[in-house]
Amino acid sequence: MDWMISKIIGEAIVMASRGNKQTSLRKEAILVMSRNIFNDDMCATKERNSEYLFLEYPSFFRITLARQLWPKEMREQTVFYKYKDSHKKFLLRMSDIFHGAIDYINKNLGDNKIKFIVTANVDYYQDYPWIGAIHSMGGKFIALNKESVIRPHDEKELFDRLNSNNFSYEGDTIAVYNDLAKEVYIRSGRFDADKIYSIGCPRVDELLGMHIDQAKKGNFILLSSFMDPSYMATGLWNDVLKIIQNDELLRGKVVIKCKDSNEKKNLEKIFKNLRFEYGPLSPKSRRAIAIRRKEAPHPKYPEL
């Protein structure tokens, strides 16, 4: 039964990765644990590291399989870790299954071999057994964290979650967007400082490399959406959009980048004369704006 699961996972990855090309003689392949926004980062990374062969484990398939096989108490991010000892046999079984999947893929790659696994966070329960699998084959497990923890509220929530579940990262490397996030993870005491690297946000690298005289026609200001309730800034978000809507210059220049297609549809219903986009950041943008909370609370918006 387990060998069949390994083959199904391996075949799903092989099929999802057909068409991926490699432009050098390098033999290493990178297996990416696919996930919506994270995929934009990986696409940018792939463009700058074309000597590697990139493979994709489809998100829907990966999550569906985990929900079917994982014990109920093991199906929550971070929380799963406090149950790992009581489910050691299950986790070893899953590592063996994933080892079999990697072996199946390697046999289909010819000279290429999977040497790295990259995921979008340090503590996804679906990905934990892959650490043992790739280590048993001499490879590395990398977490390219797609979220930057820079607000005091988020920091406290992160520390509470890590400590209450006695979490410890067992992978090899953690890449974060900025030094603030790196400092937070080190401060938590749950991660080895030597494993954490601040690399920036790959999906906006193209913007940083642009010259100031590019895209003279159609220049615009890019505003990243922060309407999600978790930002605790709904009031400010609505005020910002009203200001843009009521200003002729801003109305013609500002493009709002939404988190997903549903957010885009909902905003378009309310603000019919504003421009909303969803997808990778456009290289034609010369200015990008993001709102984050400062240490000193704003009198009107205490959470900013």
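Position numbers for residues start from 1 in each chain and track the written sequence from start to end. Reporting in this predicted model follows two pLDDT cut-offs: at least 70 for local features of residues, and 80 or more for side-chain atom pairs to be given and counted; totals over whole chains, interfaces and linings ignore these cut-offs and use all residues. With hydrogens and water stripped out, all remaining heavy atoms of the structure feed into the side-chain values.

Points about the sheet that holds strand β1 (residues 28-33)
The strands making up a sheet associate through backbone hydrogen bonding, with each pair oriented either parallel or antiparallel. Two strands pair if DSSP finds at least two bridges between them. Numbering of helices and strands runs from the N terminus, with a helix taken as a DSSP run of H or I at least four residues long and a strand as a DSSP run of E at least two residues long. Read from one edge to the other, the open sheet built from 6 strands follows the order β2-β1-β3-β4-β5-β6, with strand pairing classed as parallel. In this open sheet, the two strands that pair with only one neighbour each are β2 (53-57) and β6 (196-198). For this sheet, the mean inter-axis angle between neighbouring strands, taken without regard to orientation, is 25°. Looking at chain direction, strand β5 (residues 173-176) and β6 are connected through 3 bridges and run parallel. Its bridge partner being in β6, Ala175 is matched across the sheet by Tyr197. Whether two residues are in contact is decided by their heavy atoms, any of which lying within 4.5 Å being enough. Only C-alpha atoms enter the line fits that serve as axes; for helices the fit covers just the stretch in contact. Angles between N-to-C directions range over 0 to 180 degrees. In this fold helix α3 (residues 59-69) packs onto β1, β2 and β3 (113-119), with an angle of close to 45° to the strand it touches most, β2.

Looking at the nonpolar core
Put simply, buried Ala, Val, Leu, Ile, Met, Phe, Trp, Tyr and Cys residues joined by side-chain atoms within 4.5 Å make one nonpolar core. To sort residues, take the accessible area from a 1.4 Å probe on protein chains only and compare it with the maximum for the residue type: under 20% means buried, over 50% means exposed, and anything in between is partly exposed. Formed by 48 residues in total, the largest nonpolar core has its most connected members in Ile9, Leu31, Leu55, Ile114, Trp130 and Phe191. Ranked by the residues each element gives to this core, the list is headed by helix α4 (residues 88-108), at 8 residues. Not counting chain neighbours up to four residues away, the residues in contact with Leu31 comprise Ile13, Leu55, Glu56, Tyr57, Ile114, Phe116, Ile117, Val118 and Trp130. Residues Val240, Leu241, Ile244 and Ile256 belong to the second largest nonpolar core, which totals 15 residues.

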